[in-house]
Structure formats: structure tokens, C-alpha cells
Amino acid sequence: MEKIKEKMNQLRLEADNAVTRAEESEAKNKKYDQLILEKDQEITSMTHKISVLEAELDKVDAKLAEAKASQDEGESLRSTNENLTRKIALLEEELDAAEKNVKETMEKLRQVDVKAEHFERQVQRIEQERDQWEKKFEEMQQKYKASQAELDNMVANMESL
């Protein structure tokens, strides 16, 4: 009997050891289940963060594309502005040249006008001189005719003598 008791004690001891091992295994299993649950929650949290970050990335990409488009438009406008500025500068230069040309032309016109007035005065003076010479010519012609008539009378008187 003693052997049976010993055997029973031994079996009890083995059973207690097995129960202890089973409880330890169950505890470890619960720990692992808890760890798996935590890791699943971490994975879910990380998945959510990834989806939020992907959404933010999409927004940032959209803003970046918008910024690039704005930059391109700004560069285009800057280029257009530079072209217009160059055209304005060229037009201003042309305007300055045209104004200078107009001033020179006006000065030449004034000079021509002064010369024309001078020549008109000369023409009037020469016409007056011509009129005086014509008057003298007519007077001289009349004197010549009178002298000729007197000479003819004298010749006739002399012939009649």
C-alpha cells in the first residue's frame, strides 16, 4: 500500500506539476494572446496613421502641384511683364527720337520761315527798286523822245536854212 501511496503521491505530484505547467502555459498563452491583441491594436493604429498620412500626402501633393502651377504662371507673368517692359522702353526710345525729330523739324521750319520772310523783304525791296528803275526808264524815255523831237526840229531848222 505504501507503494500505492507513494505512487499516488508521485502521480499527484506529477498531476500538480502538470497542472502548474498547464496554468503557467495558460498564463503564458494569455500573455501571448494579450500581446497579440496589443500588436493587433498597434497594427490597426499604424494602419490608421498610414491612411491619415497618405491623405495628408495627397493634400500636400495637391498643394505642391498647385504651387508649381502658380510658380509657372508667375514665371509666365514675369516673362510677359519683362517683355512688356522692354516694349515700353523701346516705344519710349522711339517716342524720344520722334520728339527730337519733331523739334528738329520745327526748328528747321522756323529757320525756313525766317529765311522766307527775309527773301520776301528782299523781293519787296527789289520790286520797289524795279518800280523806281521803270519809272526812271519811262522818264528817260520821255526825255529821250523830247530830246529826239528837239533834235529833229533842230535838224529840220538847219536844213531849212
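Check the entry above for the structure.
Residues numbered from 1 in each chain as written. Predicted model: local features only at pLDDT ≥ 70, side-chain atom pairs only at ≥ 80, totals over all residues. Heavy atoms only, no water.

As for the overall build of the protein
Now for step 1: The number of helices and strands found in the protein is one helix and zero strands.
Now for step 2: Whereas a compact globule of 161 residues would reach a radius of gyration of roughly 15 Å, the protein reaches 67 Å, over 25% beyond that.
Now for step 3: With the C-alpha coordinates aligned to their principal axes, the bounding extent of the protein is approximately 230 × 15 × 15 Å.
Now for step 4: Every one of the 161 residues in the protein was classed for burial, and the buried ones make up 0%.
Now for step 5: Of the roughly 15,600 Å² of accessible surface on the protein, 57% is carried by carbon and sulfur atoms.
Now for step 6: Within the protein, one finds 28 positive and 39 negative side-chain charges whose respective centroids are separated by 7 Å. (Helix = DSSP H or I, 4+ residues; strand = E, 2+ residues; numbered from the N terminus. Rg over C-alpha atoms; globule rule 2.2 N^0.38 Å. Buried < 20%, exposed > 50% of the residue type's maximum accessible area, 1.4 Å probe, protein only. Areas by Shrake-Rupley, 256 points an atom, 1.4 Å probe, with all protein chains shown as cover. Lys, Arg positive; Asp, Glu negative; His and termini not counted. Charge placed at Lys NZ, Arg CZ, Asp CG, Glu CD.)

Focus: a negative patch on the surface
Now for step 1: A surface patch of negative charge is lined by Glu 92, Glu 93, Glu 94, Asp 96 and Glu 99.
Now for step 2: Its location among the elements puts Glu 99 in helix α1 (residues 2-160). (Patch = residues over 30% accessible without salt bridge, like charges linked within 9 Å, V, L, I, M, F, W, Y side chains within 5 Å. Salt bridge = Lys/Arg side-chain N within 4 Å of Asp/Glu carboxyl O.)

Here's the deal with a nonpolar patch on the surface
Now for step 1: Taken together, the side chains of Val 102, Met 106 and Leu 109 present a nonpolar region at the surface, about 270 Å² in accessible area.
Now for step 2: Within the secondary structure, Val 102 is located in helix α1.

With respect to the pattern of salt bridges
Now for step 1: With the rule as written, the count across this model stands at five salt bridges.
Now for step 2: Note that Arg 125 and Glu 129 form a salt bridge whose closest N and O atoms lie 2.9 Å from each other. One end of the pair, Arg 125, and the other, Glu 129, are both in helix α1, four residues apart, so they sit about a helical turn from each other.
Now for step 3: Accessibility expressed as a relative area gives 41% for Arg 125, which makes it partly exposed.
Now for step 4: According to the relative accessible area criterion, Glu 129 is partly exposed, its value standing at 33%.
Now for step 5: Between Asp 131 and Arg 130 there is a salt bridge; the shortest N-O distance is 3.1 Å.
Now for step 6: Look at Asp 131 and you get partly exposed, because its relative accessible area is 40%.
Now for step 7: By sharing partners, the salt bridges in this structure join Arg 130, Asp 131 and Glu 134 into a single network.

Thoughts on the packing of aromatic side chains
For any pair of aromatic rings, geometry is given as the distance between the ring centres together with the angle between the planes.
Now for step 1: Evaluation of the coordinates by the stated rule reveals zero aromatic pairs.
Now for step 2: Looking at Lys 136, its charged tip hangs above the ring of Trp 133, at a distance of 5.2 Å from the centre. (Phe/Tyr/Trp six-rings, centres within 6.5 Å; stacked < 30°, edge-to-face > 60°. Lys NZ or Arg CZ within 6 Å of the ring centre and 35° of its normal.)

Note that every value here comes from positions in space, so none of it alone points to a role or purpose.
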